[in-house]
Amino acid sequence: MAAEASHPEQKGFLGVIERIGNKVPHPVMLFLYLMIGVVVLSHVMYLAGVNVTEQIATPVPTESVPNFYEDTVQPSEVIPQNAYDTEYVISEQTIAIRSLLTTEGVRFIFTSFVPNFAGFGVVAVVLVAMMGAGVAEESGLFNALIRKLVAVTPGWAITYVIIFVGVLSSVATDAGYLILVPLGAAAFLSLGRHPLAGLAAAFGGVGAIFAVNILIAPIDAMLTEVTNEAIALGGGQPITVVANWFFMVASTFIISLVATIITTRIVEPRLGKYVPEGASDQPAEASNEAPEGEGRGLRYAGLAVLAFFALIAVLLVPEGAPLRDPITGGIIGNTPFMDSLLFIIMLAFLISGIAFGIGAKTIHSSADVIKGVTKTFAGLAGMIFMLLMISQFIAYFNYSQLPQVIAVTLAGGLEAANLGPIPLLIGLILVIVLLDIIMPGSLPKWAIFAPIFVPLFMRLGVAPQTVLAAYRVGDSPMNIVTPLMVYLPFMVAVAQRYDKKAGIGSIIALMLPYTVIILIAWVILFIAWFLLGLPLGPGYPVGM
């Protein structure tokens, strides 16, 4: 049962944001009102004949069923099965507002309600990921792992480690949101620190620093392909997926450090000391004492995980193995291994949780395993209802084509400003930040902006890889405060484990310092990189 913490009234600007945010309607009602607003606005703009014409990067047509929720499901994108070899072409399109009150629009509202939710991938992702995590948590494995993490990591480094792992998790972002965030909160609690600060640190790492990594992710391949199509308009040479790699690696380490400072110097002091209601003034440090049988449980879990990963290696390493690409034989990229990564992570937690429970004697039968899963699913019921409404809003919003019209209008205004390279790059970053509120997905924004700005900057002597790096800077920081972040309800659910009064306003106020300070620090890093003329990747300078 969630502990109800004392919730002192916050002061200052963030306190105002929290109080206002927590007074907004319940998220279900909020998205219902937003849906009504989109319906009305789409019809008004449709009657006014609003449309834009622009060159946009689009995938080479393939046979598929239209999916109107796909573009803004989550910051991590819905990665197509052929992410690494999808081809894009630049085509001129006229985008007109589509009304949801015309015959076709009303038909869409009535016929798409079930498909919108059934196709809203994040629902299945949450349930699958939490199935393994629920068993691991119920067995006590998570608490044991946290105690070990705390024991082997210096106290001053635990915040940075959580944030850094969060950034790396963008290769499998769903696991980062669903597993690392609850672990971050629990780890902070075990150290006598405020669990919401741990939540904020992990959420900041996973969401606000999403666009970079030390690894090459599928989204990098797609962004590069769109960039290359835009480069062709200016007659330049195509770039590769490592064109931003140096900048990505540096950003991963530096911005993680910035997020660590935000957590320790701003977020934790604001939250104060965590004292669950009805408890003494002592934080829950007793959890650092390992229960009897925990050591045996960890050994069992370790052996089980080793056996499981040995099986995965058998399915992955040999030539022609089932998890390799059936055509190229590759492991990374568009391969069965990458497609099954979340399922593999779930199985690892499920198997290790069961093994730990057997060793620690917290699991005695299959009924205990089923209890762990059903208990977890029951706790997600409210969030699933919210996701039902979110899926409808996103589908209506995308159907109306409002995001595309707004994006093209903003891009055209920025292009017409006739600024120099650095002001224009900064302007591009800021426009992307603002647009991320209504269009969190990385790919749809870049498909609109790349054909406009890549050739423009090439004429100014700025290399395409530099424009792509600027786009990365603006694409992430707003993810953690936009209402269209589909994991925002999950963050509220995790926060309410420790503070039943926490709401969306609490989360936004908690995360706003990360958005603002990370954005400022990242822009400074980017400008310094540009002025110093440092290569953005191997063989990729900032200039032409």
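The preceding data block contains the structure.
Residues numbered from 1 in each chain as written. Predicted model: local features only at pLDDT ≥ 70, side-chain atom pairs only at ≥ 80, totals over all residues. Heavy atoms only, no water.

(A) Region of interest: empty space enclosed by the protein. Counting across every chain of the model gives two cavities of 30 Å³ or more. Within this model, the largest cavity holds a volume of roughly 90 Å³. Lining the largest cavity we find 13 residues, and of these F210, A211, I219, D220 and R472 sit closest to its centre. Residue assignment for the lining of the largest cavity shows that the elements contributing at least two residues are helix 9 (218-234) and helix 19 (464-475). When the residues that make up the lining of the largest cavity are grouped by side-chain class, the tally is seven nonpolar, three polar and three charged. (1 Å grid on protein atoms, 1.4 Å probe; cavity = no way out; pocket = protein on both sides within 12 Å on 5 of 7 lines; lining within 4 Å. Points joined across faces, edges and corners; volume = space filled by probe spheres on them. Helix = DSSP H or I, 4+ residues; strand = E, 2+ residues; numbered from the N terminus. Nonpolar A, V, L, I, M, F, W, Y, C, P; charged D, E, K, R; others polar.)

(B) The environment of T240, seen in detail. If you trace the backbone, T240 turns up in the loop between helix 9 and helix 10 (245-271). On the basis of relative accessibility, which here comes to 38%, the residue T240 falls in the partly exposed class. In this structure, the C-alpha to C-alpha distance between T240 and G537, residues 297 residues apart in sequence, is 9.5 Å. Once residues within four sequence positions are removed from consideration, T240 is found in contact with T224 and Y540. (Buried < 20%, exposed > 50% of the residue type's maximum accessible area, 1.4 Å probe, protein only. Contact = heavy atoms within 4.5 Å.)

(C) The arrangement of the pattern of salt bridges in detail. As enumerated under the stated definition, the model contains four salt bridges in all. Between E137 and R497 there is a salt bridge, with its nearest N and O atoms 3.5 Å apart. A residue pair is termed long-range when its members are at least 10 positions apart, and E137 in helix 4 (residues 121-139) and R497 in the loop between helix 20 (488-495) and helix 21 (504-532) qualify at 360 residues. For E137, a relative accessible area of 38% translates into the label partly exposed. (Salt bridge = Lys/Arg side-chain N within 4 Å of Asp/Glu carboxyl O.)

(D) Region of the structure containing unusual backbone geometry. Positive phi outside glycine occurs at K361, with the angle close to 60°. When you line up the elements, K361 lands in the loop between helix 13 (341-360) and helix 14 (366-379). Residue K361 is classed as exposed on the basis of its relative accessible area, which comes to 56%. For Q401, which is not glycine, the phi dihedral falls at a positive 65°. Note on placement: Q401 falls in the loop between helix 15 (381-400) and helix 16 (402-416).

(E) A nonpolar patch on the surface, seen in detail. On the surface, a nonpolar cluster with roughly 450 Å² of combined accessible area is contributed by M29, Y33, I36, V40 and V44. Relative to the helices and strands, M29 is located in helix 2 (residues 27-47). M29 sits in the partly exposed class, given a relative accessible area of 33%. (Patch = residues over 30% accessible without salt bridge, like charges linked within 9 Å, V, L, I, M, F, W, Y side chains within 5 Å. Areas by Shrake-Rupley, 256 points an atom, 1.4 Å probe, with all protein chains shown as cover.)

(F) Examining the nonpolar core more closely. Formed by 153 residues in total, the largest nonpolar core has its most connected members in I209, W446, F449, F453, Y514 and I518. Looking at this core element by element, the count peaks at 15 residues for helix 21. With near-sequence residues (within four places) excluded, F449 lies in contact with A407, A411, L428, V431, I432, L435 and V454. Residues F308, L316, L323 and A348 belong to the second largest nonpolar core, which totals nine residues. (Core = buried A, V, L, I, M, F, W, Y, C linked by side-chain atoms within 4.5 Å.)

Read these as geometric descriptors, not functional statements.
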